[in-house]
Amino acid sequence: MSRVEVTIAGLGGQGSITAGVMLGEAAVTYDNKYAALTQAYSSEQRGGFAATWVIVSTEPVLFPRVTHPDILVAQARDSITRFANVLKPTGLHIIDCDMIPETPEGFANVIKVPATSISRNQLQAPVTANVIMLGALCAASGVVGRKALEQVIVKSVPKGKDAVNLQAFDIGFKIASEQIK
Amino acid sequence: MSSKTTGNVMAGTHFLMGNIACAEGAIAAGCNFAAGYPITPATEIINHLAKKLPLHGGIFLQTEDEISAISSIVGASWSGCKVLTATSGPGISLMQENIGFAVATETPLVIIDVQRLGPSTGVPSIGLAGDIVQVARGSHGDYQIIALCPDGPQEMFDLTVRAFNLSEKYRVPVFLMAEGFIGHMRERVVIPDASELSLVARTIQRGAGGPMQRQDFLDAAVAPMPVFGNGLKSHVTSSCHDEHGMRNLSDPEIMHKFITKPIEKIMRHRDDIIQVEKNYKDCDIVLVAYGSVSRSAKAAAELARADGLKVGIFRFITCWPFPGEEIREMAESVKHMIVLENNCGQLFPYIKAEAAHACRVDFIGPQTLGQIHDPEYVLSRLKEMVR
Amino acid sequence: MSEIMHPLRMKYTREHVKKTTNCPGCGNGIIVQAILRAIDELGMDMDEFAFVSGIGCSAWIPSPLFNADTLHTTHGRPIAFATGVKLGKPELNVVVASGDGDLAAIGGNHLIHAARRNIGITVILVNNGIYAMTGGQTAPTTPRGVNTTTNPYGTLESVFDISSLVLAAGAPFVARWTTYHPRQITSSLKKAFTSRGFSFIEIISQCPVQYGKVTKSGSALDLLKHYKKDSIKIDKARTMDPESLKGKIVVGEFVNEQKPELSAEWTELKARVMEGRS
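Residues numbered from 1 in each chain as written. Chains lettered and ligands numbered in written order. Predicted model: local features only at pLDDT ≥ 70, side-chain atom pairs only at ≥ 80, totals over all residues. Heavy atoms only, no water.

**Q** Residues and numbers for the side chain of Ser98(C), please.
**A** All names here are of chain C. As for its placement among the helices and strands, Ser98 is situated in strand 3 (residues 93-99). Within the structure, Ser98 has its side chain in polar contact with the backbone nitrogen of Gly54 (distance 3.0 Å). For Ser98, the residues in contact, after removing those within four places along its chain, are Ser53, Gly54, Ile55, Ser58, Ala59, Pro78, Leu103, Ile124, Leu125 and Val126. (Helix = DSSP H or I, 4+ residues; strand = E, 2+ residues; numbered from the N terminus. Polar contact = N/O pair within 3.5 Å; in protein donor to acceptor, adjacent residues only side chain to side chain. Contact = heavy atoms within 4.5 Å.)

**Q** Lay out the interface of chain A and chain B in plain terms, naming residues and giving numbers.
**A** It is common to give the size of an interface as the accessible area that goes away when the parts come together. With 19 residues of chain A at the interface, the matching set in chain B holds 19 residues. Of the roughly 1700 Å² buried where chain A meets chain B, counting both sides, 65% is carbon and sulfur surface. Among the residues of chain A in contact with chain B, Leu62(A), Phe63(A) and Arg65(A) are the three that bury the most area, contributing 35% of the side total. Counting across the chain A and chain B interface gives 0 salt bridges. At the junction of chain A and chain B, the tally comes to 7 residue pairs in polar contact (both at pLDDT 80 or more). Contributions of two or more residues to the side of chain A that touches chain B are made by helix 1 (16-30) and strand 2 (34-41) of chain A. Counting residues per element, the side of chain A that touches chain B draws most heavily on strand 2 of chain A, at 6 residues. Pairing between strand 2 of chain A and strand 9 (residues 186-191) of chain B: 2 bridges, direction antiparallel. The residue of strand 9 of chain B that forms the bridge with Leu37(A) is Arg186(B). (Buried area = accessible area lost by both parts, 1.4 Å probe. Salt bridge = Lys/Arg side-chain N within 4 Å of Asp/Glu carboxyl O. Pairing = 2+ DSSP bridges.)

**Q** If you had to explain the interface of chain C and chain B to someone new, which residues and values would you point to?
**A** Between chain C and chain B, the contact holds 39 residues from the first and 41 residues from the second. When chain C packs against chain B, close to 3300 Å² is buried across both sides, 61% of that on carbon and sulfur atoms. Broken down residue by residue, the surface that chain C buries against chain B is led by Asp69(C), Phe81(C) and Trp266(C), which jointly contribute 16%. In this structure, the connection of chain C to chain B is made through 2 salt bridges.

**Q** Could you give an account of the arrangement of the chains, with specific residues and numbers?
**A** No other pair of the 2 pairs of chains in contact has as many contacts as chains B and C. Separated throughout, chain A and chain C approach each other most closely at a C-alpha pair spaced 19 Å apart.

**Q** Just give me the short version of the sheet that holds strand 3 of chain C, but keep the residues and values in it.
**A** Across a sheet, strands are paired by hydrogen bonds formed along the backbone, either parallel or antiparallel in direction. Strand order in the open sheet made by the 9 strands is 11(B)-2(C)-1(C)-3(C)-4(C)-6(C)-5(C)-8(C)-7(C), with mixed pairing throughout. Only two strands of the sheet have a single neighbouring strand rather than two, namely strand 11 (235-237) of chain B together with strand 7 (231-233) of chain C. Between one strand axis and the next, the sheet turns through 20 degrees on average, direction left out of account. In terms of strand pairing, strand 3 of chain C meets strand 4 (residues 122-127) of chain C through 5 bridges, oriented parallel. (Axes fitted to C-alpha atoms, helices over the stretch in contact; angles between N-to-C directions.)

**Q** Now, about the nonpolar core: what can you tell me, with residues and values included?
**A** Counting 94 residues, the largest nonpolar core has Met337(B) and Phe198(C) as its most contacted members. With residues near it in sequence (within four places) discarded, Met337(B) still touches Val286(B), Val288(B), Ile327(B), Met330(B), Ala331(B), Ile351(B), Ala355(B), Cys359(B), Arg360(B), Val361(B) and Asp362(B). Core analysis: the second largest hydrophobic core is formed by 88 residues, Ile80(A), Phe107(A), Ile39(B) and Leu166(B) among them. (Core = buried A, V, L, I, M, F, W, Y, C linked by side-chain atoms within 4.5 Å. Buried < 20%, exposed > 50% of the residue type's maximum accessible area, 1.4 Å probe, protein only.)

**Q** Explain the pairing of strand 3 (residues 49-57) of chain A to me, using residue names and the numbers behind them.
**A** All names here are of chain A. Here strand 3 lies mainly inside the structure; 9 of its 9 residues are buried. Here strand 3 shows two buried faces, one formed by Phe49, Ala51, Trp53, Ile55 and Ser57 and the other by Ala50, Thr52, Val54 and Val56. Bridge analysis of strand 1 (residues 3-11) against strand 3 gives 9 bridges, and the strand direction is antiparallel. Considered in strand 3, the bridge of Glu5 is made with Ile55.

**Q** Help me get a handle on the environment of Thr58(A), residues and values and all.
**A** Residues and elements named next belong to chain A. Its location among the elements puts Thr58 in the loop between strand 3 and strand 4 (71-74). A relative accessible area of 46% means that Thr58 is categorised as partly exposed. In this structure, the C-alpha to C-alpha distance between Thr58 and Asp31, residues 27 residues apart in sequence, is 9.6 Å. The residues contacting Thr58, other than those within four sequence positions of it, are Ser2 and Tyr34.

**Q** Outline the packing of aromatic side chains, listing residues and values.
**A** Scanning the entire structure with this criterion turns up 15 aromatic pairs over all chains. Centroid distance Phe49(C) to Phe51(C): 5.4 Å. Interplanar angle 10 degrees. Geometry classified as stacked. Take Phe49(C) and Phe51(C): they sit in the same class, and that class is buried. One aromatic cluster is present, built from ring pairs that chain together Tyr290(B), Phe314(B), Phe316(B), Trp320(B), Phe322(B) and Tyr350(B). (Phe/Tyr/Trp six-rings, centres within 6.5 Å; stacked < 30°, edge-to-face > 60°.)

**Q** An account of the environment of Asp235(C) is needed here, citing residue identities and associated values.
**A** Tracing the chain through its elements places Asp235(C) in helix 10 (residues 234-237). Each C-alpha atom, one on Asp235(C) and one on Glu202(C), is 17 Å from the other, the two residues being 33 residues apart in sequence.

**Q** Mind laying out the sheet that holds strand 16 (residues 336-340) of chain B, listing which residues take part and the relevant values?
**A** All names here are of chain B. Ordered in space as 12-14-13-16-17, the 5 strands form an open sheet in which the pairing is mixed. Looking at which strands have only one partner, the edges of the open sheet turn out to be strand 12 (276-279) and strand 17 (360-364). Taken pair by pair, the neighbouring strands of this sheet meet at an average axis angle of 20 degrees, ignoring direction. Inspection of the sheet shows strand 13 (residues 285-290) paired to strand 16 by 4 bridges, in the parallel sense. Bridge pairing in strand 16 links Val286 to Met337. Packed on one face of the sheet, helix 12 (residues 348-355) meets strand 13, strand 14 (311-316), strand 16 and strand 17 and runs near 170 degrees to strand 17.

**Q** Give a detailed account of the packing of helix 1 of chain A against helix 4 (residues 129-141) of chain A, specifying residues and quantitative values.
**A** All names here are of chain A. Where helix 1 contacts helix 4, the two axes come as close as 9 Å, and the packing angle between them is 40 degrees. If you check the angle between helix 1 and helix 4, you find them oblique. The handedness of the crossing between helix 1 and helix 4 is right-handed. Two secondary-structure elements touch here, helix 1 through Thr18, Ala19, Met22 and Leu23 and helix 4 through Asn130, Val131, Leu134 and Leu137. (Parallel < 35°, antiparallel > 145°, perpendicular 65-115°, else oblique. Left-handed = near helix turned anticlockwise from the far one by under 90°.)

In short, geometric facts, not functional conclusions.
Here's what the structure looks like:
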């Protein structure tokens, strides 16, 4: 597929936009693809909605807006309310099942990732929930290569935090791999 | 006139926000003095310049308001600096008087306008191409301006460099008409090596003698700039002046030249200044657009062609001076122009004036202002129009 | 018949500028001479200077008369332009000369911020207490109760004490004189031209044609006599109570201290971060 549209949505502070930027950067600078990212957020510093739309393509992106995403990464219930209705019926739904316990109806491909609890309990690093989701996105879609994303993660996270983030990515990757088997 | 850059260029392939690409373009172009006041959606430009300009020996001054920002960059330009300010519509409104000063005194400078939804305070974070006419006609009096319209982060870099080159070459203010959408979106940006960038620096007046022995102003062929601190004893006033820069409020001949020569300076070089992108060979219908929505136009044209319709595109890269000749030429070869703008139709009357004698001209605004046109929507409107 | 010319005129002004735009009795001539005398006594060259002015009668003091780089700007903005000139070429001695309407009304914000920033320019604010060029309208310096063109039934607003304002904004050099004090103006200007920081000199100056008329304060000579009679040196004024200072003009150098100057600070900052980069 030459053009893949991804929506990553959550609440302010969950790192949805950061995850989108990493996805786009991995596509462009390591996978030699094209990507276009737009974003929106409410004005609250915490707790308001935050969303980013990333188009990854093997060719230059003409129309840069996401209208009917192929993939929705939802980090909060609010994200489902806002964005699930435009997801393609055949689209891939990746949800943080700690935040969204009920399975969204009407979608064939739903991947459930307990990213919030793993980041808090297992990794003791709540800020890595978005990277867990990114790992799941990578395994379930292959939209961007694993190596590219890992390189961007190492480049983007604060010094000394690369190991825990790579671990988070790996956990997400494995959870999704299990579910698509 | 051209010179090669030193180590100011962040060469390589990046995934950059439009505003950051713009700031990198300014640094690559040799900007060494910038001033500005924080405003959404342009703030990332000044934040980035504040961080990076000093590393390259430049200054970023955060001023007390936008009036001070434009005034101080005019001052620094007369001290010989390559200068820039970045703002949004409300800031442009405040700057307009001294943009006119820069026009009247033939001062090279670059103004980045990351346009937002208005009128007035409007919606800061949502882009709209609402300032297109105000930058051409917003300062009082009669004048011509240069304005460029980027369609994405790559052109935020490329056209910022070009804006500096044009401003230095012609001793004029140049606008980069970004939109919030373009300023905030991230995309692949390829920055060339310094050796591949062609940069222009203004010609500076040399030698001695007072202003009466020189002709530093009102030269349609562009006079060398008598920058300060070189012992030239330059006189610079935005009041009506003669070719020596000396104020003259009594000679009708000089008043006439004071207005017409700076206009002529731009119009005489229109072929060097005006850039358009066109692809309408053998087409009946052309989608005419600029900025963010030119991408909707291109996507819609692809959809239309897949549907068997002969639809082409025309994009303004330069919107001022207005590419009237290019529009007239197109009007002779197509049947129907459909203008897409990210506003309620600001360039539409100008396009119509050049084309309506020869072809049909229609307008399609965004289905919801603030959201760039969906190509499917453009296609459905197009089909209604040609039915 | 050969023309008799003032030596300062020959040395420091543009030869082709043959006439003045000032009214008879205007204080601008005294200020022109005080500025040129300061430059002459310091042995400085006009090429070391850039003069910036705004709009109003006093903006004509340097422009187009002075044979130096001169930038005649829009109303209220000369300090903002001058800030750019100075930061763009810190070695230049940048001097703003303009009026109270230009610098303290429409341009008041730039004035206080330039003082706060301590940008190394000299600002000569000529305070004639009125909008003179446009015909006797109220300025923020027009005394309360007088009838002006725009307050024909009397002004209702209080005046700005501009020097105190600039002092409070942090300027390291602030002086106020009247046109009765040309030697003192020259002496303060010499300090201003050789000091590093933001230096501010307010000059109370007579406008017989507009101010004299609307305030019924008489001719140029009457106004100069008032300056002579009612000026109180700052040292003495500090010992007096506010009541006895009413109607007086406090003159002198209010402050003269050293503070880090902005363009020099920038030069150091650039050197520091560029070194850190390499």
